[in-house]
Each structure stands twice: as structure tokens, then as C-alpha cells.
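Below, each chain spelled out in residue letters.
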Amino acid sequence: MRDGDMGYPGSTPYVESFAAFAAARWGWRVDPADVTPVQSVILGYVDALVELTDLGGAVIVNPPVYPPFFSYLRQAGREIAEAPLTADLRLDLDAIERAMQQATTGGRRAAYLLCNPHNPGGTVHTRAELESVAALAARYGVGVVSDEIHAPIVLEGSRFTPYLDVDPTGLALHAASKAWNLAAMPAALLVGGPGSAALASFRAGKHHGPGHLGAIAQEAAYAHGGDWLDGMLAGLDRNRFLVRDLVAAHLPGVTHTVPEGTYLTWLGFGTMLGEDPAAVLLEKGRVALNRGLDFGTGGEGHARLNIATSPAILEEAVRRIASVLPQQ
Ligand SMILES: Cc1ncc(COP(=O)(O)O)c(C=O)c1O
């Protein structure tokens with residue numbers, strides 16, 4: 001900024017630092033030639049899915065899921081086909097198969113937007129689950145785009161599997177913006193398998209890339225942020241069990257699954273606070289959670305709690321939630 005270097009990105013080794021991080025953290029060999037910087041993860045997956053489908057075509061998603069999996073794609077003229085997660089927030093392969101079968105009837109082109117790890121709830125899909133997804137995608141000719149923005153945030157006991165490791169015909173999106181809290185400086189990377197046809201067709205279109213500051217910030221995170229990330233993961237590991245214990249002790253009747261990754265836990269209130277618990281919690285408890293209804297089917301009666309904060313704030317948040325629950 002001092003040098004007035006505020007134009008378009010130049011030679012920032014953003015892609016190379018991501019490739020080095022992917023190899024070191026996940027043992028995933030990414031050829032920088034198979035990576036294209038894009039403006040943000042959302043814009044990257046929307047553009048990629050628009051390439052993989054036709055107007056009116058279906059994109060399959062697994063609700064409850066990150067709300068912008070619905071809105072932007074509908075705006076782009078795509079139909080959203082839901083294949084809900086199971087009750088324990090894992091991929092439901094039968095539901096995915098039914099959705100793929102339906103979405104491709106009559107030879108229509110369809111795509112699948114996977115969230116790996118999954119927001120909300122933090123499920124980290126296993127290699128076996130992803131291999132089953134890849135087999136179904138191949139059977140029905142469905143293009144898979146995997147949003148892997150939360151991949152660096154995988155906690156003790158789970159292991160991130162890059163979707164492209166099981167299906168090189170897919171596309172994946174990565175960014176440093178969640179793990180290092182850099183969303184204020186957006187940038188993302190669209191990754192294809194070796195010689196990816198999907199990446200070539202994306203590159204044939206016109207897409208804006210990230211700004212210079214985003215590329216610099218995210219490059220720095222991948223190249224120099226490993227120790228910071230490990231410290232943050234240790235804090236999240238402590239917080240996820242703290243929340244489990246606080247929920248068990250103070251929120252009777254509330255369901256909760258300990259996240260394997262991400263910092264986004266998913267609380268189920270049943271019918272205790274109506275279909276939109278977050279509204280009641282904000283109004284009566286002065287505690288802000290995300291509204292479950294925005295996450296699609298399965299969101300009713302639920303709210304998302306962000307645990308990327310101090311134990312003291314989590315204790316206070318749970319105390320406020322408890323103050324709103326009906327007395328047992
Ligand atoms: C699953 C998922 N995808 C994408 C994003 C946003 O990515 P970006 O800001 O790069 O568009 C988020 C942010 O929370 C997210 O959780």
C-alpha cells in the first residue's frame with residue numbers, strides 16, 4: 001500500500017503456496033497448472049455450476065447447508081434439488097442417488113454441490129463416502145463441485161479427503177478466508193484434476209479473478225500461517241467439547257453433534273422454541289445464532305452456533321440460551 005501497488009494482482013505466488021500447503025497438510029499433490037484464482041468461493045462455485053448445467057437444470061445440495069448454496073444458484077436460473085443429510089448429519093447416499101436419477105431424467109445436465117467439510121455441523125466426509133459419491137456421479141453423468149473452504153479446519157480424530165483425490169473429473173474450491181478469518185480480503189482457488197475438462201470449459205468463459213490484497217493475504221496465510229492455524233485448531237478442539245458438556249448440563253432436550261471440523265455447531269430445539277429458535281433466542285435471550293430455516297430442509301427448529309470464540313463467551317451464550325428454554 002505504501003508503494004501504491006494497488007492495481008490488479010501480479011506475481012503473488014498464491015497458487016503455489018496453496019499447492020505447498022495442500023501437499024504438507026493433506027498429502028494432496030496439486031499441480032499449479034490445474035488451479036485458477038477466482039474472486040471468492042461463492043462466485044467460483046456459481047460460475048462453475050453454471051458451466052456444468054443448462055438454464056432450468058438442477059443442482060443437488062445436501063440440506064441443512066450453507067444458505068448461499070440456494071440463493072445465488074436460483075438467481076442464476078438453476079433449480080435446487082435437495083438430498084437431505086441423515087439425522088446424524090452425514091451424506092445420505094440413497095437420497096443422493098434418487099436426486100441424481102431425477103435430476104438427469106430425459107438427458108438433462110445436472111450437477112452436485114458438495115460441502116466438504118459440511119457447514120453447518122462440521123461433518124468431515126470420509127474417503128469411503130466420497131468414493132460412493134464419485135461412483136454415483138459417474139453412473140448418472142453428474143458434474144461434482146466440492147466447496148472445500150473449511151478444509152484446513154478439521155479437528156483431531158478426523159481427516160480431510162480432497163474430493164479430487166477420489167474423482168479427478170470434479171472441481172473443488174479452496175480459500176484461506178475461513179481458517180484464517182480473511183473474508184474481508186476475498187480470494188479463492190478453483191482446482192481441477194489433471195487435464196480437467198471441467199476446468200478447461202470454465203477457463204474458456206470470462207471470469208474475474210481476486211483482487212491483489214486478497215491474493216497477498218491468502219498467500220501469506222498458506223505460506224506462513226501453519227502455526228497460527230494449529231493454535232486455532234487447539235482452541236476449537238477445546239471449545240467443541242466444552243459446548244458438548246454445556247449443552248448436556250444446561251440445555252435439556254437440545255440436540256447437538258460434536259463437530260469433526262469447522263467452527264459451526266448445529267443445535268436442535270425440537271418444537272421447544274417454534275420453527276425459528278434463533279429469533280426467540282435473540283429477542284428473549286439477547287444471544288445471536290444463525291437462523292436454521294435459512295439452511296433448507298432440516299433447518300426448522302434448529303440454529304447454528306459459532307464456537308470460534310472464547311470459552312467465557314460460549315459459557316455466557318449457553319447461559320442465555322438456557323434462560324429462554326421452557327422450565328422442565
Ligand atoms: C461452505 C462455505 N462456502 C463459501 C463461503 C464463503 O466464501 P467466499 O466468501 O469466498 O465467497 C462460506 C463462508 O462462510 C462457507 O461457509
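Located above this text is the structure these notes cover.
This write-up is about the structure you can find in this document.

About the cut-offs
- Residues numbered from 1 in each chain as written.
- Predicted model: local features only at pLDDT ≥ 70, side-chain atom pairs only at ≥ 80, totals over all residues.
- Heavy atoms only, no water.
- Helix = DSSP H or I, 4+ residues; strand = E, 2+ residues; numbered from the N terminus.
- Contact = heavy atoms within 4.5 Å.
- Polar contact = N/O pair within 3.5 Å; in protein donor to acceptor, adjacent residues only side chain to side chain.
- Near = heavy atom within 4 Å.
- Areas by Shrake-Rupley, 256 points an atom, 1.4 Å probe, with all protein chains shown as cover.
- Buried < 20%, exposed > 50% of the residue type's maximum accessible area, 1.4 Å probe, protein only.
- Pairing = 2+ DSSP bridges.
- Salt bridge = Lys/Arg side-chain N within 4 Å of Asp/Glu carboxyl O.

1. Observations concerning the environment of Asp-276
Positionally, Asp-276 belongs in the loop between strand E9 (264-268) and helix H10 (277-285). Separated by 144 residues in sequence, Asp-276 and Ser-132 have C-alpha atoms that sit 34 Å apart. Those residues in contact with Asp-276 that lie beyond four places of it in its chain are Arg-291 and Leu-293.

2. A closer look at the side chain of His-118
Looking at the element boundaries, His-118 is found in the loop between strand E4 (110-115) and helix H5 (127-140). Within the local environment of His-118, its side chain forms a polar contact with the backbone oxygen of Asn-62, the two atoms lying 3.5 Å apart. Beyond its immediate stretch of four places on either side in the chain, His-118 contacts Asn-62, Pro-64, Val-65, Leu-85, Thr-123, His-125 and Thr-262.

3. Some words on the site of the ligand
Around the ligand sit Ser-40, Val-41, Ile-42, Tyr-66, Cys-115, Asn-119, Asp-147, Ile-149, His-150 and Lys-178, and that is every residue in its neighbourhood. With respect to the ligand, the backbone of Ile-42 contributes an N or O atom lying 3.0 Å from an oxygen atom. Protein contacts shield 89% of the accessible area of the ligand, which totals 400 Å² for the unbound molecule.

4. Side note on the side chain of Thr-262
Note on placement: Thr-262 falls in the loop between strand E8 (255-256) and E9. When its relative accessible area of 0% is taken as the criterion, Thr-262 is described as buried. A polar contact of 3.2 Å, which involves the side chain of Thr-262, links it to the backbone nitrogen of Leu-264. Among all residues touching Thr-262, those that are not within four sequence positions of it are Pro-117, His-118, Gly-122, His-150, Ile-153, Leu-155 and Leu-236.

5. Re the sheet that holds strand E11 (residues 302-306)
The four strands lie next to each other as E8-E9-E11-E10, forming an open sheet whose pairing is antiparallel. Of all the strands in the sheet, the pair left with one neighbour each is E8 and strand E10 (290-291).

6. Considering the pattern of salt bridges
Applying the stated rule across the entire model yields 13 salt bridges. In this structure, the salt-bridge partner of Arg-139 is Glu-97, at a minimum N-O distance of 3.1 Å. Here Glu-97 lies in helix H4 (residues 93-103) and Arg-139 lies in helix H5, a separation of 42 residues in the sequence. On the basis of relative accessibility, which here comes to 55%, the residue Arg-139 falls in the exposed class. In this structure, Arg-291 engages Asp-294 in a salt bridge whose closest nitrogen and oxygen atoms are separated by 2.6 Å. The exposure class of Arg-291 is partly exposed, given its relative accessible area of 36%.

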